[in-house]
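Listed here are the chains, written in short residue letters.
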Amino acid sequence: MKLVPAEVDQGVKFIRSDKINNNVIDAIWSNVSETVLSTTISNSSNLKVSTIEHLMAAFYLEGVDNVLVEINAPEVPILDGSALVFVKEILKTGIKLQKTSLKAVRVLRAVKYGHGSAWAKFEPSTNPKMSFSIEFSDEAIGIQSKTLDMSNGSFVRELCDSRTFCRYSEVEAMKSKGLALGGSYENAVVV
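Throughout what follows, the structure given in this document is the object of discussion. Within each chain, residues carry numbers counting from 1 in the order of the written sequence. Confidence filtering applies because this is a predicted model: local features only for residues at pLDDT of at least 70, side-chain atom pairs given and counted only at 80 or more, and all residues used for totals across whole chains, interfaces and linings. Computation of side-chain values: all heavy atoms of the structure, hydrogens and water removed.

Between rings of Phe, Tyr and Trp, where Trp is taken as its six-membered ring, a pair exists when centres lie within 6.5 Å; planes separated by under 30 degrees are stacked, by over 60 edge-to-face, and by other angles tilted. Under the defined criterion, the tally for this structure stands at 0 aromatic pairs. Directly above the ring of W119 sits K112, whose terminal nitrogen or CZ lies 4.3 Å from the centroid. Should the NZ of a Lys or the CZ of an Arg lie within 6 Å of a ring centre and within 35 degrees of the ring normal, that charge is described as sitting over the ring.

The following block contains the structure:
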């Protein structure tokens, strides 16, 4: 996988270098095609790239919004199972500032969206904060929650090394779908 600076307003684009035709996939919400145990995006030819969530988190929280991701496989490398390696490489390499104003969305009122038992809510705030929680019947996971002030590098200090986890019962299901092929006890917590 190789990250290449892109021009202004190009956004994040994955380029499957192992394919010749229609090999670009825009990393936009409308191209999300699967979200079971990872995030997969697809283009109009059903070409896919999966397990993009850690890389996308690193891009967002390091301020990378125009980049070409050249990848020669259908899955982003899992590495250590977190965003940490991506963040370190971006910080080490540096980012190219672009001479244009950044377009931002300001949340003016609370907005909540849910699907099944999962939900997300955005609320107005003077500083960026993130609160998240999980609730599993498995005693080893249980109920966990955290709130972070996302300013001043807290993503790098407190969140980017959060590891992927799954239930042991889900491992075979993922592998049968061609996912988590690089998964091991070295890069995932298995309950």
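This brings us to the environment of L108. Positionally, L108 belongs in the loop between helix 2 (84-93) and strand 8 (111-115). Remark: the alpha-carbon pair of L108 and F122, spanning 14 residues in sequence, is separated by 9.4 Å. Labels follow the DSSP assignment, with helices taken as runs of H or I lasting at least four residues and strands as runs of E lasting at least two, numbered in each case from the N terminus.

Quick look at a nonpolar patch on the surface now. Residues F165, V189 and V191 make up a contiguous nonpolar surface patch of roughly 210 Å² in combined accessible area. To sort residues, take the accessible area from a 1.4 Å probe on protein chains only and compare it with the maximum for the residue type: under 20% means buried, over 50% means exposed, and anything in between is partly exposed. Given a relative accessible area of 41%, V189 falls into the partly exposed group. For patch building, the residue pool is restricted to those with more than 30% relative accessible area and no salt bridge; the joining distance is 9 Å between like charges and 5 Å between nonpolar side chains (Val, Leu, Ile, Met, Phe, Trp, Tyr). Residue exposure ignores everything except the shown protein chains as possible cover, and the areas themselves are Shrake-Rupley values with a 1.4 Å probe. Any carboxyl oxygen of Asp or Glu that lies within 4 Å of a side-chain nitrogen of Lys or Arg is treated as forming a salt bridge with it.

For the rest of this paragraph, the subject is the pairing of strand 9 (residues 118-122). Any two strands with at least two DSSP bridges between them are considered paired. The pairing of strand 8 with strand 9 spans 5 bridges and is antiparallel. For V111, the partnering residue across the bridge sits in strand 9 and is F122. Joining the antiparallel neighbours strand 8 and strand 9 is a turn of 2 residues, in which G116 adopts a positive phi near 65 degrees.

A few words on unusual backbone geometry. Here the phi dihedral of N22 falls at roughly 45 degrees; this positive angle occurs in a residue that is not glycine. Looking at the element boundaries, N22 is found in the loop between strand 2 (12-16) and strand 3 (24-26). Its identity is not glycine, yet N46 carries a phi of approximately 65 degrees, on the positive side. Note on placement: N46 falls in the loop between strand 5 (40-42) and strand 6 (48-50). Its relative accessible area of 52% is what places N46 among the exposed residues.

Glancing now at helix 2. Residues F86, V87 and I90 constitute the buried set of helix 2. One face of helix 2 carries all of its buried residues, which in axial projection span an arc of 100 degrees. Pointing more than 90 degrees away from the buried face of helix 2 are the exposed residues K88 and K92. Among the structural elements, strand 1 (2-5), helix 1 (53-62) and helix 3 (154-159) are those in contact with the buried residues of helix 2. In the stretch just after helix 2, G94 is the one whose phi turns positive, near 95 degrees. By construction, the arc corresponds to the directions joining the helix axis to the C-beta atoms. For this analysis, residues touch if any pair of their heavy atoms sits within 4.5 Å.

Here we come to the packing of helix 1 against helix 2. At their nearest, the axes of helix 1 and helix 2 sit 9 Å apart, and the two run at 40 degrees to each other. Looking at the two axes, helix 1 sits oblique to helix 2. The hand of the helix 1/helix 2 crossing is right-handed. For the pair formed by helix 1 and helix 2, the contact residues are H54, L55, A58, F59 and E62 on the first element and F86, V87, I90 and L91 on the second. A breakdown of the residues in the contact of helix 1 with helix 2 according to their chemical character gives 7 nonpolar, 1 polar and 1 charged. Angles here are taken between N-to-C directions and fall from 0 to 180 degrees, while the axes themselves are lines fitted to C-alpha atoms, restricted in helices to the stretch in contact. Angle categories are assigned with fixed cut-offs, so that under 35 degrees is roughly parallel, over 145 is roughly antiparallel, 65 to 115 is roughly perpendicular, and the rest are oblique. Each helix crossing is assigned a hand: it is left-handed if the near helix lies turned anticlockwise from the far helix by less than a right angle, otherwise right-handed if that turn is clockwise. When residues are grouped by polarity, Ala, Val, Leu, Ile, Met, Phe, Trp, Tyr, Cys and Pro land in nonpolar, Asp, Glu, Lys and Arg in charged, and all others, Gly among them, in polar.

We now examine the sheet that holds strand 5. Spatial strand order, 4-5-6: 3 strands in an open sheet with antiparallel pairing. Only two strands of the sheet have a single neighbouring strand rather than two, namely strand 4 (32-34) and strand 6. Looking at each pair of strands side by side, their axes are set apart by 35 degrees on average, direction ignored. Bridging between strand 5 and strand 6 involves 3 bridges; their strand directions are antiparallel. If you follow T40 over to strand 6, its bridge partner there is S50.

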